[in-house]
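# Inside the fold
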Amino acid sequence: MNIRSITRSRPGRLITAVVLTVTVTTPLVVTNAASAAATLTVAQALAAQDGRTATVAGWVVGQPTATTTVITSGYTADTAIAIADQAGETSTARMLYVQVTAAWRNSFGLLTNPSLRGRQVTATGTLTAYFAHGGLKNPSTMSLGGGATPSPTTSSSAYYAAAAGKTGPALRTALHTIIRTQTRLTYDQVWEALKDTDQDPANPANVILLYSGRSQSKTANGGGVDDWNREHVWAKSHGDFGTATGPGTDVHHLRPEDVSVNSARGNKDFDTGGSAVAQAPGCYTDADSFEPRDAVKGDVARMILYMAIRYEGDDGWPDLEPNDSVANGSTPRLGRLTKLLAWHDQDPPDAFEQRRNQRIYERWQGNRNPFVDHPEWARAIWG
């Protein structure tokens, strides 16, 4: 506030006025920078190794044991994890080494929790070198999941950037390059993955069986009568890849199913017609084909199309491809393509399938099924 006087004269009198000038300023608002800051990616954390406190989200890729060494099995301690922006990352230059202090070792140490590899973790701590490598030390919080993970729509837009505007063979090539980067699970890990990805939305203690549609306890799994087991939607004999790590353990096409219904499907191709399948209302089978219930016809189709794009024969596994036959035997082919495309159109992705796709991406494999995110791409590739 400023005060000044002004004196003016008029005929016969002298007038003095006092003028007050008031300046109004906008109050300074101080915010908590830590709470306002967004969760960092691993790349951002590696570029900010200045001792600040930050929250970082990434996928667990292994246990760091030296500056340029990260082991992915045979873990030796619970004291550190390496995280990355991609679940299948192999370059230590793109990994952040996170110290796991005593308070967090029971839950986040890889020796105690080997299945943590491939899952997304969020940690808050000091951005400073660990093992003489970009790191996060003295974590104050650690949690599963991505914290500020983008919504599926936002996430998938960035994920598929290299495929934008493409069609036909160019689209196919771009999608293969994108989705082949993944964490590979063991066949034992598939049990735990399916309990998460196929959880009953109405009962978190249960999973939904693919063909049967039945809600069943997560713990009722195995090989006994009425147990559920791991159904290979792309039958593993079509390409003879078995249950070894790779297509045989890819949870994008593995689903919980009743043991006897799984057996009834066997390694048959997909088509319409046949006799009703016991314990699987709406499903039919004959000597050479299996028809799933209407509610999951599209799900089945999109799993088959995913496998065809993911496994192109360039990484030691067979080149899988759908065709229009139901007599494929042990060849790396599965039919019937015309039916699968019709089912894909008839039964678009629902909330359960979309959640499943996101769960696999965030927690288990770090890759997505493009035909769940972009159903239009099926026809753009196969017509």
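Parameters at a glance
- Residues numbered from 1 in each chain as written.
- Predicted model: local features only at pLDDT ≥ 70, side-chain atom pairs only at ≥ 80, totals over all residues.
- Heavy atoms only, no water.
- Pairing = 2+ DSSP bridges.
- Helix = DSSP H or I, 4+ residues; strand = E, 2+ residues; numbered from the N terminus.
- Buried < 20%, exposed > 50% of the residue type's maximum accessible area, 1.4 Å probe, protein only.
- Polar contact = N/O pair within 3.5 Å; in protein donor to acceptor, adjacent residues only side chain to side chain.

### What to know about the pairing of strand S10 (residues 203-208)
Bridge count between strand S9 (residues 199-200) and S10: 2 bridges; the pairing is antiparallel. Note that in S10 the partner of aspartate 200 across the bridge is asparagine 203. Hairpin connection from S9 to S10: 2 residues lie between these consecutive antiparallel strands. As defined by bridge partners, S10 adjoins strand S11 (residues 215-217) across 3 bridges and the pair is classed as antiparallel. Looking at the pairing, isoleucine 208 lines up with serine 215 of S11. Counting the residues that bridge the hairpin from S10 to S11 gives 6 residues, and of these glycine 213 lies at a positive phi of roughly 75°.

### Side note on the side chain of asparagine 367
As for its position among the elements, asparagine 367 is in the loop between helix H10 (351-364) and helix H11 (370-373). For asparagine 367, a relative accessible area of 0% puts it in the buried group. A distance of 3.1 Å separates the side chain of asparagine 367 from the side chain of glutamine 365, its partner in a polar contact.

### Quick look at the sheet that holds strand S17 (residues 289-291)
Two orientations exist for strands paired in a sheet by backbone hydrogen bonds: parallel and antiparallel. Here we have 4 strands laid out as an open sheet, ordered S14-S17-S16-S15, and mixed in their pairing. The strands lining the two open edges of the sheet, one partner per strand, are strand S14 (269-270) and strand S15 (275-276). Looking at chain direction, strand S16 (residues 284-285) and S17 are connected through 2 bridges and run antiparallel. Residue tyrosine 284 lies in a different strand from S17, and its bridge partner there is glutamate 291.

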